[in-house]
Amino acid sequence: MDTTTRTVDFKRRVDAGEKIEASDWMPEEYRRGAIKFIEMHANSEIMGALPEREWIARAPSLRRKMSLTAKVQDEVGHGHLLYRIAEDLGKPREQMIADLLSGRSKFHNVFHYPTHTWGDVAVIGFLVDGAALVTQKALLDSSYAPYGRVLKRICAEESLHQRHGEDLVLELCAGSDRQRAMFQDAVNRWWVPLIHFFGPPSRQSNSGDLLLHYRFRTATNDELRQRFFSQYVPKLWDLGIDVPDPALAYDDEAGEWRWTEPDWEPLKRIARNQGPMTETRLAWRRWIHESHDWVRQVMAEEEPISA
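Keep in mind that this is a model prediction, so the values were computed, not measured.

Engineer: Please give an account of the overall build of the chain that cites residues and values.
Structural biologist: Of the regular secondary structure elements, the chain holds 13 helices and two strands. The C-alpha radius of gyration of the chain comes to 21 Å, within 12% of the 19 Å expected for a compact globule of 307 residues. Projected onto its principal axes, the C-alpha positions of the chain cover 65 × 65 × 30 Å. Burial statistics for the chain: of 307 residues in total, 49% are counted as buried.

Engineer: Kindly report on helix α2 (residues 28–53), identifying the contributing residues and their values.
Structural biologist: With 26 residues, α2 should reach 38 Å at 1.5 Å per residue; the first-to-last C-alpha distance of 38 Å fits that figure. Taking burial as the measure, the 26 residues of α2 include 19 buried ones, the bulk of the element.

Engineer: Which residues make up the pattern of salt bridges, and what are the values?
Structural biologist: Summed over the entire model, instances satisfying the criterion amount to 31 salt bridges. Its salt-bridge partner being aspartate 167, residue arginine 63 comes within 3.9 Å of it at the nearest N-O pair. You can see arginine 63 sitting in helix α3 (residues 62–87) and its partner aspartate 167 sitting in helix α6 (residues 145–173), a full 104 residues away along the chain. Using a relative accessible area of 32% as the deciding quantity, one classes aspartate 167 as partly exposed. Close ionic contact of aspartate 222 with arginine 225 constitutes a salt bridge, the shortest N to O distance being 3.2 Å. Of the two residues, aspartate 222 and arginine 225 both sit in helix α10 (residues 221–238), three residues apart, roughly one turn of that helix. When its relative accessible area of 26% is taken as the criterion, aspartate 222 is described as partly exposed. Through salt bridges with shared partners, one network takes in Glu39, Lys91, Asp99 and Arg104.

Engineer: Explain the packing of aromatic side chains to me, using residue names and the numbers behind them.
Structural biologist: For the coordinates displayed, the defined rule picks out 22 aromatic pairs. Between phenylalanine 37 and phenylalanine 216, the aromatic rings sit 5.4 Å apart at their centres with planes inclined by 70°, giving edge-to-face as the arrangement. Within this pair, whereas phenylalanine 37 is found in helix α2, its partner phenylalanine 216 is found in the loop between α9 (210–213) and α10, the two being separated by 179 residues in sequence. Taking 5.4 Å as the distance between ring centres and 70° as the angle between the ring planes, the aromatic pair formed by tyrosine 250 and tryptophan 257 counts as edge-to-face. In this structure an aromatic cluster arises from ring pairing among Phe126, Trp191, Phe197, Phe198, Phe228, Phe229, Tyr232, Trp237, Tyr250, Trp257 and Trp259. The ring of tryptophan 55 carries arginine 58 above its face, with NZ or CZ at 3.9 Å from the centroid.

Engineer: Before we move on, could you go through the side chain of threonine 278 and cite the residues and values that matter?
Structural biologist: Looking at where threonine 278 falls in the secondary structure, it is placed in helix α12 (residues 278–291). Judged by its relative accessible area of 1%, threonine 278 is buried. Here the side chain of threonine 278 touches histidine 112 through a polar contact of 2.6 Å, side chain to side chain. Discounting chain neighbours no more than four positions away, the residues touching threonine 278 are Phe107, His112 and Asn273.

The rules we used
Residues numbered from 1 in each chain as written. Predicted model: local features only at pLDDT ≥ 70, side-chain atom pairs only at ≥ 80, totals over all residues. Heavy atoms only, no water. Helix = DSSP H or I, 4+ residues; strand = E, 2+ residues; numbered from the N terminus. Rg over C-alpha atoms; globule rule 2.2 N^0.38 Å. Buried < 20%, exposed > 50% of the residue type's maximum accessible area, 1.4 Å probe, protein only. Expected span 1.5 Å × (residues − 1). Salt bridge = Lys/Arg side-chain N within 4 Å of Asp/Glu carboxyl O. Phe/Tyr/Trp six-rings, centres within 6.5 Å; stacked < 30°, edge-to-face > 60°. Lys NZ or Arg CZ within 6 Å of the ring centre and 35° of its normal. Polar contact = N/O pair within 3.5 Å; in protein donor to acceptor, adjacent residues only side chain to side chain. Contact = heavy atoms within 4.5 Å.

Keep in mind that these numbers describe shape and distance, not what the molecule does.
Have a look at this one:
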């Protein structure tokens, strides 16, 4: 079959719910889109470990230090699982890491921001991980089977991370006035980045989205954002935490949340790797990569074959 005919057949397969394996034929645009998407996810797991890593030494108790350390280890592990999935599509892991360190590839917007207080750690664990879970659960039914399979493990561990964040939030909200104010301040500062997390409204970004076309993604930006609101806004209100959007409300007649659309310019700057902490975080990641180069060299050496 020629490429056009094979592409039509490929689209028919994914529309029928069939799953694509790495060894299957796929349109080049599907391959390129899948690599870019999975690579960004992997980058985000690796870079997402850094904001919380900064707080391990400053965590308020030994128990908190240990739980935060375990979470950071999980995130790095998720990144390498995802790099392995992307490798099968044709891009070497070494090239993906080199592109990340040089700033040629992207990572998620929320990891370009500073963490000022312990309240920020609670927001990351509860709301950022919650937003990630909403997104990742929608990808479990991705047309690319290897990605869906690895996401089952990642979602299971991210659910534990989100419970860890919920525990932090409950502790702060049940604490002193100063602790509640710390968490409220963090929510205020992180709300717009959380809205940005899902991307611009579908009318701006999802028209002609090849990953939606081929069912690699199964939900639009707006659908994911609405699911996030439904799951987490009532929880914040139950805790007595204000959401910094006076227009946010559920429209029973329309069956959806109404919200104030923020300025999208900060997200565009982050897409150009010009966020508040972008260069600092990349500099840390470069230093970590270079300082552990000896480990990669040792692992790359071939052991002598014994007689």
